[in-house]
Amino acid sequence: MTQRRHFLQTSVACAAGLMAPTAFSQAAPWPSKPINYLVAFPAGGTTDILARLVSQKLGPALGTTLVIENRGGAGGSVGSEVAARAPADGHHLLGGTISSHAINVSLYPKLGYDPIKSFTPVYLYGTNPVVLVVPANSPYKTLRDLMTAAKANPGKLTGASAGNGTSQHLAQELLAFRGDVKFTHVPYKGSAPAIQDVMAGQVDFMFDTTVVAGAHIQSGKLRALAVTSSRRLTDTITDVPTVAESGWPGTQGFEVVSWQALFAPAGTPKAIVDRLHAEILKIIQSAEMQERIKGLGMQPSVMTPEQVLSFQRAEIDKWAQVIKAANIKID
């Protein structure tokens with residue numbers, strides 16, 4: 001009996017010894033090394049600026065450093081594919097947008113990641129409403145004027161964008177789809193040359209962010225007809241009505257916002273995601289960051305990761321419908 005008791009005690013001790021490393025590894029502190037923050041767009045853009053602003057505060061809050069890595073290309077698809085394959089250990093993050101995580105899945109026939117299954121949302125930094133502008137000398141004084149002309153002359157009115165598949169392009173296609181009119185899309189290589197041609201009267205109209213179009217509206221070179229948010233903007237062009245306010249059939253509930261978000265590879269522990277969200281929320285709610293984000297033309301968000309996922313799913317469904325209806329394809 002004594003021998004049996006000794007055997008059991010020895011066995012339990014050995015088992016505890018074998019389990020100790022596993023328990024220790026599970027309780028290992030995080031972060032244990034620098035965090036790689038991959039930006040799926042070139043340096044200098046809004047996604048990159050946000051990453052650097054947040055990283056300056058987030059690193060010290062977590063007791064580590066964040067290393068920014070830019071991997072641009074294909075509307076954020078190149079960098080997103082790299083991030084999707086990274087270890088889900090909390091040391092890899094991705095700055096994504098409406099393009100990389102809502103539009104591209106319907107736009108590109110072969111995408112190397114799934115915007116839902118490959119990632120876990122961490123934080124939605126904010127949204128960017130866009131504004132529909134026409135040249136200062138345009139005959140169209142209201143959105144209803146523009147839509148009436150488009151209805152009477154299918155395909156005659158031209159709309160500029162920063163390129164095929166961009167949020168500016170899809171905002172135009174959504175308005176045409178919902179309003180039952182037809183525009184002729186004129187893609188450019190970026191917003192700058194596109195908006196220059198709108199101001200020159202070479203193109204009839206354009207959707208763009210208030211960051212790009214705001215100064216030209218204030219200078220009188222462009223006329224703003226409508227904003228694509230659900231409510232009028234309170235911080236910038238306060239006197240511009242929403243698309244829905246035009247009363248044009250089909251535009252009720254019309255809303256288009258570009259957005260910026262932070263993601264982690266799928267499988268990243270929930271405790272880590274929750275900690276990241278909590279720390280970023282504190283950073284974003286500071287007066288300094290509120291001012292910086294609004295300076296980028298963004299409306300800060302307070303969504304939980306679960307709410308971001310629901311928002312993202314709705315965005316994917318909306319743009320899939322628009323892309324299919326407009327027969328937009330990019331090889």
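This text gives an overview of the structure that appears in the document. (Residues numbered from 1 in each chain as written. Predicted model: local features only at pLDDT ≥ 70, side-chain atom pairs only at ≥ 80, totals over all residues. Heavy atoms only, no water.)

To continue, consider the side chain of Thr97. Inspection of the secondary structure assignment puts Thr97 in strand β3 (residues 92-97). What makes Thr97 buried here is its relative accessible area of 6%. Apart from the residues within four sequence positions on either side, Thr97 is in contact with Phe41, Thr47, Ala102, Trp259 and Gln260. (Helix = DSSP H or I, 4+ residues; strand = E, 2+ residues; numbered from the N terminus. Buried < 20%, exposed > 50% of the residue type's maximum accessible area, 1.4 Å probe, protein only. Contact = heavy atoms within 4.5 Å.)

For any two aromatic rings, the description comes down to two numbers: the centre-to-centre distance and the angle of the planes. Summed over the entire model, instances satisfying the criterion amount to 6 aromatic pairs. Pairing Phe205 with Phe207 gives two aromatic rings, centres 6.4 Å apart and planes at 90 degrees, and the pair type is edge-to-face. (Phe/Tyr/Trp six-rings, centres within 6.5 Å; stacked < 30°, edge-to-face > 60°.)

Attention now moves to the packing of helix α4 (residues 98-107) against helix α11 (residues 305-326). Helices that pack against each other are described as a pair by the angle of their axes relative to one another and the distance between those axes. At a minimum axis distance of 8 Å, the contact between α4 and α11 shows a crossing angle of 40 degrees. Our classification of the angle between α4 and α11 gives oblique. The interaxial crossing formed by α4 with α11 has right-handed handedness. Across the interface between the two elements, Ile98, His101, Ala102, Ile103, Val105, Ser106 and Leu107 from α4 touch Gln312, Glu315, Ile316, Trp319, Ala320 and Ile323 from α11. The residue makeup of the contact of α4 with α11, split by class, is 9 nonpolar, 3 polar and 1 charged. (Axes fitted to C-alpha atoms, helices over the stretch in contact; angles between N-to-C directions. Parallel < 35°, antiparallel > 145°, perpendicular 65-115°, else oblique. Left-handed = near helix turned anticlockwise from the far one by under 90°. Nonpolar A, V, L, I, M, F, W, Y, C, P; charged D, E, K, R; others polar.)

For the rest of this paragraph, the subject is the packing of helix α6 (residues 167-179) against α11. Here α6 crosses α11 at 75 degrees, and the two axes come no closer than 10 Å. Relative to α11, the element α6 is oriented roughly perpendicular. Along its contact with α6, which presents Leu170, Ala171, Glu173, Leu174 and Phe177, the element α11 presents Lys318, Trp319, Gln321, Val322, Ile323, Ala325 and Ala326. Taken together, the residues of the contact of α6 with α11 break down into 9 nonpolar, 1 polar and 2 charged.

With that settled, the discussion passes to unusual backbone geometry. Most peptide bonds take the trans configuration, and most residues that are not glycine carry a negative phi. Along the chain, Trp30 connects to Pro31 via a cis peptide bond; the corresponding omega equals 0 degrees. With respect to the secondary-structure elements, Pro31 resides in the loop between α1 (2-26) and β1 (35-39). Within the chain, Ala74 stands out as a residue other than glycine whose phi angle is a positive 55 degrees. For Ala74, the position within the fold is in the loop between β2 (66-70) and α3 (77-84). Classification of Ala74 by relative accessible area gives partly exposed; the value is 36%. Here Asp180, not a glycine, exhibits a phi torsion of approximately 55 degrees, which is positive. By the secondary structure assignment, Asp180 is in the loop between α6 and β6 (184-187). Given a relative accessible area of 54%, Asp180 falls into the exposed group.

Every other side chain in a regular strand lies on the same face of the sheet, so the side chains alternate between the two faces. Bridge analysis of strand β5 (residues 158-161) against β6 gives 4 bridges, and the strand direction is parallel. Residue pairing across strands places Ala160 opposite Val186, the latter belonging to β6. For the segment spanning β5, α6 and β6, crossover handedness is right-handed. (Pairing = 2+ DSSP bridges. Right-handed = clockwise from strand over helix to strand, strands pointing away.)

Ranked by internal contacts, the top residues of the largest apolar core, which has 79 residues, are Tyr125, Leu132, Leu175, Phe183, Trp259, Ile280 and Trp319. Those residues in contact with Trp259, other than ones at most four positions away along the chain, are Gly96, Thr97, Ile98, His101, Ala102, Leu124, Gly126, Thr127, Phe311, Gln312 and Glu315. (Core = buried A, V, L, I, M, F, W, Y, C linked by side-chain atoms within 4.5 Å.)

So, about the pairing of β2. As judged from the 5 bridges shared by β1 and β2, these two strands associate in the parallel manner. Residue pairing in the sheet places Leu38 in a bridge with Glu69 of β2. A crossover links β1 with its parallel partner β2, the connecting element being helix α2 (residues 46-62), and its sense is right-handed.

In the structure shown here, the tally under the stated rule is 10 salt bridges. Between Glu69 and Arg71 there is a salt bridge, with its nearest N and O atoms 3.0 Å apart. Looking at Glu69, the relative accessible area reads 23%, which means it is partly exposed. According to the relative accessible area criterion, Arg71 is partly exposed, its value standing at 35%. Salt bridges here are not isolated pairs; linked through shared partners, they connect Arg275, Glu279 and Lys282. (Salt bridge = Lys/Arg side-chain N within 4 Å of Asp/Glu carboxyl O.)

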